[in-house]
Protein chains: 2
Amino acid sequence: MQRSIATVSLSGTLPEKLEAIAAAGFDGVEIFENDLLHYAGAPREIRQRCADLGLAITLFQPFRDFEGCRRDRLHKNLDRAARKFDLMQELGTDLVLVCSNVQPDALGDEQLLVDDLRLLAEHAGARGLRIGYEALAWGRHVNTWQQVWHLVRKADHPALGVILDSFHTLSLKGDPSAIRDIPGEKIFFVQMADAPILAMDVLEWSRHFRCFPGQGEMDLAGFLAPIIASGYRGPLSLEVFNDGFRAAPSRQNAADGLRSLLYLEEKTRVRLAEQAVAVEPGVLFAPPAASRYDGVEFVEFAVDDAVGARLGGWLKRLGFAEAGQHRSKAVRLLRQGDINIVLNAEPYSFAHNFYEAHGPSLCAAALRVDDAQAALQRAMAYRGQPFRGLVGPNEREIPAVRAPDGSLIYLVEPAGAGQSIYDSDFCLDPSATAAGGLQRIDHMALALPAEGLDSWVLFYKSLFDFTADDEVVLPDPYGLVKSRALRSPCATLRLPLNISENRNTAIAHALSSYRGSGVHHIAFDCADIFAEVTRAKEAGVPLLEIPMNYYDDLAARFEFDDEFLSELAYYNVLYDRDAQGGELFHVYTEPFEGRFFFEILQRKGGYAGYGAANVAVRLAAMAKLRASAGS
Amino acid sequence: MQRSIATVSLSGTLPEKLEAIAAAGFDGVEIFENDLLHYAGAPREIRQRCADLGLAITLFQPFRDFEGCRRDRLHKNLDRAARKFDLMQELGTDLVLVCSNVQPDALGDEQLLVDDLRLLAEHAGARGLRIGYEALAWGRHVNTWQQVWHLVRKADHPALGVILDSFHTLSLKGDPSAIRDIPGEKIFFVQMADAPILAMDVLEWSRHFRCFPGQGEMDLAGFLAPIIASGYRGPLSLEVFNDGFRAAPSRQNAADGLRSLLYLEEKTRVRLAEQAVAVEPGVLFAPPAASRYDGVEFVEFAVDDAVGARLGGWLKRLGFAEAGQHRSKAVRLLRQGDINIVLNAEPYSFAHNFYEAHGPSLCAAALRVDDAQAALQRAMAYRGQPFRGLVGPNEREIPAVRAPDGSLIYLVEPAGAGQSIYDSDFCLDPSATAAGGLQRIDHMALALPAEGLDSWVLFYKSLFDFTADDEVVLPDPYGLVKSRALRSPCATLRLPLNISENRNTAIAHALSSYRGSGVHHIAFDCADIFAEVTRAKEAGVPLLEIPMNYYDDLAARFEFDDEFLSELAYYNVLYDRDAQGGELFHVYTEPFEGRFFFEILQRKGGYAGYGAANVAVRLAAMAKLRASAGS
């Protein structure tokens, strides 16, 4: 299908928007009238520019408050339409979006609406133009697609058809399933927008909180499937009003928009297949199916020799064993349980460049996947950037894609005994034995700039078929932190994404110390939290100190005996319990050199969260630490 | 009354909050439990710190989900209460806020609730403590003050009383008037918060959008008046959950909080007087009444000699006359109609310091006022900072206060002929004649950092008794701009305040060029826009160019003949019409050296706005200008 986007969805001047839209790979563009009004050149210049960029002008929008207008205004409104028809012809587009009348004095008589729409269609049709009629969710009398289709059918004019917009239907909890019964050729245009589910006025919600498909919580595949089933094969266009998008870099944002359409197409194709609706090949995007993910194979820190020595020492105090040295590079491997940590201090490497840009930081993570090549092909189909590093003799080349922050995501298949990447690339020390009982990486939390969250969510959802939990809001002493966790289908991979719009929170400090986004904390799970913490404490791991007042409150909230409570307090172990009785025990380390930190946790009874109830006390303790480091 | 604030209203650690609260001049503080939980010391240390700072701990809060809890939890909940009573005694406060149960399984039987509340009161009373019961707007069964008072009265225990919170009542459009019938001694505590009126879920609204009294849109005086009438004389405390406040500098924000309480007290005093309710003197804040304001007497730009020469040239092209030279300082006066513009290039002056900090900018504005000394006294009563500059021989000392950005607001009384400040301080040129017909300053628009808006609104509302219009949202090509206009009671002074949370809008550029907030545009009104613009154009004033597409759209929207439209377009005049037929004609200049700009406007038929419909086209034209200046 033709992939299109409304200019209102992006930031910048009209020429900047068109450039970004073309660069992202869209086929068409809806011209939002105000963008044209603010443009200093003639409409025909925009026509030419679009032609040069290979963009069809799929729609001119909106034309407001026509049908059912006060009778003394009808003639004036027809004049207004005629002027806009002139403009459309200069632009070289034949379709205009007419949205349902919102004026308090609009008339609602059905026959009158039908007559008005037919009259407008006659005027348009006489000039070879077409009218697409759309229901606004806050229209005075018309606010559902069912009403629109009813009026269009009664008006019965070839130049009059239906425009469907996912937000206007789904925001009112409308049922789109019967759209399949509209003849496809009477649907003139389809606009798609997602949104988080918010309990607020629908007009405000629509104007400020729309987002690209897959970034919100609406069932857009459920909306698009009956449209495809109807036979509609026209443009699929994004129309997103979003305060953040108005200010976001337009190239990056347009690329996200295109990716979101591909994602929607894939989900819709799957939905239609489930419903046994046949669709010709090539209509909807069909990338290789997602691979199965099974945890983190390794993580890689960019370091230099000195930092590597200190971080290695930290990790050994956490119970890791020095397991091997790379055959040809300044790269070390530390291991414990199922956890592999690579410290990369190799000059002239990707890691070195990353280190130069961001300082000591996580520069790569390897995901365990059942078919690495298929996973890479899928990622590339979704416009992911593949990465090829320098590969030495006898080294394995590992497929990789770049994450939105430029770090790497390696894709690694399980290997038989002696066949692993560690066996091929490292001189392993067979006698190395981990001192601790940490088992695997439970989750890795990222700090992102506030405007980056939606982009990351879409990246993981589309390339890797992850899902996203609902957003959680957490109080730092110096502002709010918002967190949204991504997880792989089997939940073996979990990535909480954290943002903050304030300047002095832990997240803001992480961002400024990394000069960019990045992993700011890694959680390891274990089978016996007290054994691990005892060992770590004795080994000199600096654990984050938790105030006694926290434990006094635990005592008030739960039935712990005093001895157990004082054990929790002594080891700075935090506690949470979910509604089903699942339990979480967890401790945090202080940050390594003011940067990333580690968590040791034990889940019991199916606890699936991240201890959100304890994040505020952790953030407060970290703020105190920053303050004392600063003083 | 005792003035108090909840720690949750401010940013920072608990000790930082207490410092800020004391510095602002509060008498007391509500300790929000989580602030204590996150504090690393013992509760008795907080008790001592408050004592050292002269702060009473007026309340410990909240204690949740007690009354009507599931019967199997009652005993555990009493244990929980006992532990919090221990904590309160260590803190040295006798009052705890118990908020209405929000659990889905909470019981609603009236007698059971009464019994539970009495039981809790008995336990508290036995230890010399008191229970204040408050209705949350989203309580499961109890969500109005009427229910709370009914239950408290039935429970009938001396250690049980009512806590009132303005937000919980006003958010549900509750009627507070009958509060006057509660015996004052049964009201144990009063919490005040304002909020903008938002059509959204009340819990989200409460948690993120509360603000200080006077910053929002609720009738807080209407809430407090019946409380005072009831005989309540206990603490008046601010409890504000606000995302911005969580990150705002706590000293400044606490000072705003205290000012908001003073403002609320004054408004309540006036309200009670209107209702003929007698209140003993000293109970409510009683500053000198606001003076009458009558427009801008002069504005003063901080310049150096070179900038002054260039800006003077600009102003003369705009029709201003060189009217005088200061008797002893490097200060010039330009005049036209009722407009006086001072260009101050004096070294070792306030203006010079301002120039050093902000570059060429408006450093002072003088308001015409009927009683300058009373206005100054009122400003100081509201904790405004008075300013005294260097006064030369034979010069007039003009009362002044500092605006929140450090610029000056002079207060000037009308003077008889030959008695003005210009007569005393300047050598006036009696032959100076303005070439143009600009009449007066219609409005001055300020660019503020986003987090500063509420503070400025409160400053003008309290010190000068201005009112604030509703917020308007305006699209810049690179993000949204929000605008809220202040006006004096007779609307002779109008100050639109503009903010933007995005980095590349016109407002963001103004802020970065000033290194702080400031006036970024001054509008002059006139009786004949075309005469003025013709003159300005001929004199070489660079007018902001408006795209032809804007005029094509005007043609579609209004019944103008082509000749008039082409005149509008030729002179780059923008047009707006309000619902009552009032009309605005206005043109903008390009910015002076990339900084502030001027507007010439003509209002007809009572048009009272600022041309919001045209701001987007102006912002787009300015963005284009910045882009071409940058390229």
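Residues numbered from 1 in each chain as written. Chains lettered and ligands numbered in written order. Predicted model: local features only at pLDDT ≥ 70, side-chain atom pairs only at ≥ 80, totals over all residues. Heavy atoms only, no water.

**A look at the environment of Q377 of chain A**
Along the chain, Q377 of chain A falls in helix α13 (residues 372-381). Between the C-alpha atom of Q377 of chain A and that of L463 of chain A, which follows or precedes it by 86 residues, the distance is 9.5 Å. (Helix = DSSP H or I, 4+ residues; strand = E, 2+ residues; numbered from the N terminus.)

**Overview of the packing of helix α4 (residues 74-91) of chain B against helix α5 (residues 110-126) of chain B**
All names here are of chain B. One way to put it is that α4 packs onto α5 with a least axis distance of 11 Å and a crossing angle of 35 degrees. Crossing of α4 against α5: the hand is right-handed. The segment α4 lies against α5, with L74, L78, A81 and F85 engaging D116, L119, L120, H123 and A124. Grouping the constituent residues of the contact of α4 with α5 by class yields seven nonpolar, one polar and one charged. (Axes fitted to C-alpha atoms, helices over the stretch in contact; angles between N-to-C directions. Left-handed = near helix turned anticlockwise from the far one by under 90°. Contact = heavy atoms within 4.5 Å. Nonpolar A, V, L, I, M, F, W, Y, C, P; charged D, E, K, R; others polar.)

**Some points on the sheet that holds strand β8 (residues 236-238) of chain B**
Strand order in the closed barrel formed by eight strands is β1-β2-β3-β4-β5-β6-β7-β8 (chain B), with parallel pairing between adjacent strands. Taking each pair of neighbouring strands and ignoring which way they run, the sheet shows an average axis angle of 30 degrees. (Pairing = 2+ DSSP bridges.)

**Remarks on unusual backbone geometry**
Cis geometry marks the peptide bond from Q61 of chain A to P62 of chain A; its omega dihedral reads -10 degrees. Summarising the element assignment, P62 of chain A is placed in strand β3 (residues 56-63). Located in the positive-phi region is R383 of chain B, a residue other than glycine, with phi close to 65 degrees. Summarising the element assignment, R383 of chain B is placed in the loop between α13 (372-381) and β14 (400-402).

**Looking at the interface of chain B and chain A**
Contacts between chain B and chain A engage 46 residues on the former and 47 residues on the latter. Approximately 3,700 Å² of surface area, both sides summed, lies buried where chain B meets chain A, with 56% of it carried by carbon and sulfur atoms. Notably, a salt bridge pairs K84 of chain B with D553 of chain A, separated by 2.7 Å at the nearest N-O pair. Our count for the chain B to chain A interface comes out at 24 residue pairs in polar contact (both at pLDDT 80 or more). At the level of elements, α2 (33-37), α4, β19 (472-476), β20 (479-487), α18 (548-557) and α20 (612-630) of chain B are the ones that each hand at least two residues to the side of chain B that touches chain A. In terms of residues, the side of chain B that touches chain A owes the most to one element, α18 of chain B, which gives six residues. Classifying every residue of the side of chain B that touches chain A gives 21 nonpolar, nine polar and 16 charged. (Buried area = accessible area lost by both parts, 1.4 Å probe. Salt bridge = Lys/Arg side-chain N within 4 Å of Asp/Glu carboxyl O. Polar contact = N/O pair within 3.5 Å; in protein donor to acceptor, adjacent residues only side chain to side chain.)

**Section: the side chain of E134 of chain A**
Considering the arrangement of structural elements, one finds E134 of chain A in strand β5 (residues 130-134). Of the buried charged residues, E134 of chain A lacks a salt bridge, with R210 of chain A as the closest side chain of opposite charge at 6.4 Å. (Buried < 20%, exposed > 50% of the residue type's maximum accessible area, 1.4 Å probe, protein only. Lys, Arg positive; Asp, Glu negative; His and termini not counted.)

**Regarding the sheet that holds strand β15 (residues 408-412) of chain A**
Residue and element names in this part refer to chain A. If you walk across this open sheet you meet the eight strands as β14-β15-β13-β9-β12-β11-β10-β16, and the pairing is mixed. Two strands lie at the open edges of the sheet, namely β14 (400-402) and β16 (426-428), each paired on one side alone. Each strand of the sheet is rotated relative to its neighbour by a mean of 25 degrees, with strand direction disregarded. In this sheet, strand β12 (residues 339-344) lies alongside strand β11 (residues 331-336) in antiparallel orientation, the contact comprising six bridges. Its bridge partner being in β12, Q336 is matched across the sheet by I339. Strand contacts of helix α11 (residues 305-317): β9 (293-302), β10 (321-326), β11 and β12, with the helix running at about 10 degrees to β11, the strand carrying the most contacts.

**Considering the pattern of salt bridges**
A complete count under the given rule lists 64 salt bridges over all chains for this structure. Linking R210 of chain A and E239 of chain A is a salt bridge whose minimum nitrogen-to-oxygen distance equals 3.5 Å. On the criterion of sequence distance, the pair formed by R210 of chain A in the loop between α8 (202-209) and α9 (220-229) and E239 of chain A in the loop between β8 (236-238) and α10 (250-274) is long-range, its members being 29 residues apart. With a relative accessible area of 0%, R210 of chain A lands in the buried category. Across the pair E593 of chain B and R310 of chain B runs a salt bridge whose closest N-O atoms are separated by 2.3 Å. Pair noted here: E593 of chain B is in the loop between β24 (583-588) and β25 (597-604) and R310 of chain B is in helix α11 (residues 305-317), with a separation of 283 residues, a long-range link. The class of R310 of chain B is partly exposed, set by a relative accessible area of 39%. Within the structure, one salt-bridge network assembled from shared partners comprises E33 and K84 of chain A together with D553 and R557 of chain B.

**Describing a negative patch on the surface**
Residues and elements named next belong to chain A. A surface patch of negative charge is lined by D561, D562, E563 and E567. Relative to the assigned elements, E567 resides in helix α19 (residues 562-570). Overall, the relative accessible area of 32% leaves E567 in the partly exposed class. (Patch = residues over 30% accessible without salt bridge, like charges linked within 9 Å, V, L, I, M, F, W, Y side chains within 5 Å. Areas by Shrake-Rupley, 256 points an atom, 1.4 Å probe, with all protein chains shown as cover. Charge placed at Lys NZ, Arg CZ, Asp CG, Glu CD.)

**Regarding the relation of the copies chain B and chain A**
The transformation that overlays chain B on chain A combines an axial shift of 0.0 Å with a rotation of 180 degrees, and the residual RMSD is 0.0 Å. Considering both components of the superposition, the chain copies are consistent with a two-fold axis. Scanning chain B for the C-alpha nearest the rotation axis identifies M200 of chain B, at a separation of 1.9 Å. When you check the interface residues of chain B against chain A, 100% turn up at the interface there too, and the contact is symmetric in its surfaces. (Least-squares fit on C-alpha atoms with pLDDT ≥ 70 in both.)

**Description of the pairing of strand β13 (residues 361-369) of chain B**
All names here are of chain B. With nine of nine residues buried, β13 is to be regarded as a mostly interior element. The sheet contact formed by strand β9 (residues 293-302) and β13 spans seven bridges and is antiparallel. When the bridges of β13 are listed, V299 appears paired with A365. Examined bridge by bridge, β13 and strand β15 (residues 408-412) share five bridges and lie parallel to one another. Residue A365 lies in a different strand from β15, and its bridge partner there is I409.

**Some remarks on the packing of aromatic side chains**
All names here are of chain A. Scanning all chains against the criterion turns up 76 aromatic pairs over all chains. With centroids separated by 6.5 Å and ring planes inclined at 75 degrees, the aromatic side chains of F298 and Y422 adopt a geometry described as edge-to-face. With F298 in strand β9 and Y422 in helix α14 (residues 421-425), this residue pair connects regions lying 124 residues apart in the sequence. For F298, a relative accessible area of 5% corresponds to the buried category. Arranged with centres 5.7 Å apart and planes meeting at 40 degrees, the rings of F558 and F560 form a pair that is tilted. Aromatic rings pair up to connect F530, F558, F560, F564, Y570, Y571, Y575 and F585 into one cluster. (Phe/Tyr/Trp six-rings, centres within 6.5 Å; stacked < 30°, edge-to-face > 60°.)

**Overview of the environment of M622 of chain B**
Residues and elements named next belong to chain B. Take M622: it is sitting in helix α20. Classification of M622 by relative accessible area gives buried; the value is 6%. Separated by 32 residues in sequence, M622 and E590 place their C-alpha atoms 7.7 Å apart. Once you skip the residues sitting within four places of it in the chain, M622 turns out to touch L544, T589, P591 and F597.

**A closer look at α18 of chain B**
With seven of ten residues buried, α18 of chain B is to be regarded as a mostly interior element. Every buried residue of α18 of chain B is accounted for by N549, Y550, Y551, D553, L554, A555 and A556 of chain B. The inward-facing, buried residues of α18 of chain B abut α2 (33-37), α3 (43-53) and α4 (74-91) of chain A together with α19 (562-570), β23 (574-577) and α20 of chain B.

**As for the environment of E122 of chain A**
Residues and elements named next belong to chain A. Tracing the backbone shows E122 in helix α5 (residues 110-126). For E122, a relative accessible area of 39% corresponds to the partly exposed category. Sequence separation between E122 and L170 is 48 residues; the distance between their C-alpha atoms is 31 Å.

**Considering the pairing of strand β1 (residues 3-6) of chain B**
Residues and elements named next belong to chain B. Residues R3 and I5 of β1 are buried on one face, and the alternating residues S4 and A6, pointing to the opposite face, are buried as well. As paired elements, β1 and β8 share three bridges and run parallel to each other. Paired with S4 across the strands is S237, a residue of β8. With three bridges connecting them, β1 and strand β2 (residues 28-32) associate as parallel partners. Within the sheet, the bridge partner assigned to I5 lies in β2 and is V29. Crossover β1 to β2 through helix α1 (residues 14-24) is right-handed. (Right-handed = clockwise from strand over helix to strand, strands pointing away.)

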